[in-house]
Amino acid sequence: MEIKSAVFVKSAVAADQAPSPILNEIAFVGKSNVGKSSLINVLLGRRSLVRTSKTPGRTQHINFFLINENFYFVDLPGYGFAKVPLEVKRQWEPMVRKYLFDRSILKAVVLLFDIRRVPNSDDIRMLDWLEEYNIPTIPVITKVDKVSSGKRSSQVSKIAEQTGLPPQAFSCFSAVTREGRDDVWERIISSLSA
Ligand SMILES: Nc1nc2c(ncn2[C@@H]2O[C@H](COP(=O)(O)OP(=O)(O)OP(=O)(O)O)[C@@H](O)[C@H]2O)c(=O)[nH]1
Ligand SMILES: [Mg+2]
């Protein structure tokens, strides 16, 4: 997809502050620090439209980016980081659930997994919500540059087994090498037109 424009539009601290549900949306979700913001930047070919961070839990709001004046990328706050203040953790679930539940124009959720980690109960809970709300899901395994190609397939199998999804369901991605960028775009485009 040719990116003619990519503009940060707003940061919502509650689902009811989201833009009016007119244009389609693709949301990005996953553990804190998994690489959501980095994936969005690589997809858009922008170095730092979305703030990335070595400190997990950086994105605590729902951030909306308008692409080609045609659809939104939505960067959801990550889950599962121990050092996030309790108050923020308490707000996370109702905020994210309300967003997912309410969004008729939400075409797909890109759910990220770290190639080096086994999915935990937070990831499974997210998968369960997506299924419950009937939201098409694009599972992406990221940071694949961090493991050897030999280790990659065994890690993909582990992640598949833990989530109950088939290994072929996952796109492999790296924000460093940009591997997988076209594959993820293809899946996003087909969700947008579904
Ligand atoms: N090697 C490698 N590092 C990555 C990759 N993607 C992200 N990172 C690094 O991982 C860290 C977290 O990346 P972010 O994109 O900020 O992660 P996030 O999921 O948006 O994090 P929160 O907003 O805090 O939930 C940063 O130091 C990134 O540079 C990748 O594909 N490969
Ligand atoms: Mg982020």
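Residues numbered from 1 in each chain as written. Chains lettered and ligands numbered in written order. Predicted model: local features only at pLDDT ≥ 70, side-chain atom pairs only at ≥ 80, totals over all residues. Heavy atoms only, no water.

A. Representation of the overall build of the protein chain in the model. Counting its secondary structure elements, the protein chain contains five helices and seven strands. The principal-axis extents of the C-alpha atoms in the protein chain amount to approximately 45 × 40 × 30 Å. Restricting to contacts in the protein chain with at least 6 residues of sequence separation, those with at least 24 account for 75%. Of the roughly 9700 Å² of accessible surface on the protein chain, 49% is carried by carbon and sulfur atoms. Averaged over its 27 positive side-chain charges, the protein chain has a centre that lies 7 Å from the centre of its 20 negative ones. (Helix = DSSP H or I, 4+ residues; strand = E, 2+ residues; numbered from the N terminus. Contact = heavy atoms within 4.5 Å. Areas by Shrake-Rupley, 256 points an atom, 1.4 Å probe, with all protein chains shown as cover. Lys, Arg positive; Asp, Glu negative; His and termini not counted. Charge placed at Lys NZ, Arg CZ, Asp CG, Glu CD.)

B. Expanded view of the sheet that holds strand 1 (residues 6-12). Strand order in the open sheet made by the seven strands is 1-3-4-2-5-6-7, with mixed pairing throughout. Two strands bound the open sheet, and with one partner strand each, they are strand 1 and strand 7 (171-172). Bridge count between strand 3 (residues 62-67) and strand 4 (residues 71-75): five bridges; the pairing is antiparallel. Counted as the bridge partner of F64 is V74 from strand 4. Docked against the sheet, helix 4 (residues 149-163) engages strand 5 (106-114), strand 6 (137-142) and strand 7, running at close to 125° with respect to strand 5. (Pairing = 2+ DSSP bridges. Axes fitted to C-alpha atoms, helices over the stretch in contact; angles between N-to-C directions.)

C. Main features of the packing of helix 2 (residues 86-102) against helix 3 (residues 121-132). Between helix 2 and helix 3, the shortest axis-to-axis distance is 10 Å and the interhelical angle comes to 30°. Taken together, the axes of helix 2 and helix 3 lie roughly parallel to each other. Between helix 2 and helix 3 the crossing geometry is right-handed. Residue-level inspection shows W92, E93, V96, R97 and L100 of helix 2 in contact with helix 3, the latter providing R125, M126, W129, L130 and E132. Here the residues of the contact of helix 2 with helix 3 sort into six nonpolar, no polar and four charged. (Parallel < 35°, antiparallel > 145°, perpendicular 65-115°, else oblique. Left-handed = near helix turned anticlockwise from the far one by under 90°. Nonpolar A, V, L, I, M, F, W, Y, C, P; charged D, E, K, R; others polar.)

D. Representation of the pattern of salt bridges. For the structure shown, the criterion picks out ten salt bridges. The closest approach of N and O atoms between K31 and D123, which form a salt bridge, is 2.6 Å. A residue pair is termed long-range when its members are at least 10 positions apart, and K31 in the loop between strand 2 (24-30) and helix 1 (36-44) and D123 in helix 3 qualify at 92 residues. D123 shares its class with K31; the two are buried. Here the salt bridges share partners, and the residues they tie into one network are E93, R97, D122, R125 and E132. (Salt bridge = Lys/Arg side-chain N within 4 Å of Asp/Glu carboxyl O. Buried < 20%, exposed > 50% of the residue type's maximum accessible area, 1.4 Å probe, protein only.)

E. Representation of the nonpolar core. One finds Y99, L100 and M126 to be the most contacted residues of the largest nonpolar core, which totals 37 residues. Counting only elements with at least two residues in this core, the list comes to strand 2, strand 3, strand 4, helix 2, strand 5, helix 3 and helix 4. Among the elements that line this core, the one with the most residues is helix 2, at five residues. Counting residues in hydrophobic clusters, the runner-up holds 25 residues, among them I67, F71, V110 and W185. (Core = buried A, V, L, I, M, F, W, Y, C linked by side-chain atoms within 4.5 Å.)

F. Structural view of helix 2. Under the 1.5 Å per step criterion, the end-to-end length of helix 2 is 25 Å for 17 residues, consistent within 8% with the ideal 24 Å. At W92, helix 2 shows its largest bend, some 25°, and a proline, P94, comes one to four positions later. By the burial criterion, the buried members of helix 2 are W92, M95, V96, Y99 and L100. Residues of helix 2 that are buried make contact with strand 1, strand 2, strand 3, strand 4, strand 5 and helix 3. (Expected span 1.5 Å × (residues − 1). Bend = angle between axes of the 7 residues up to and from the residue.)

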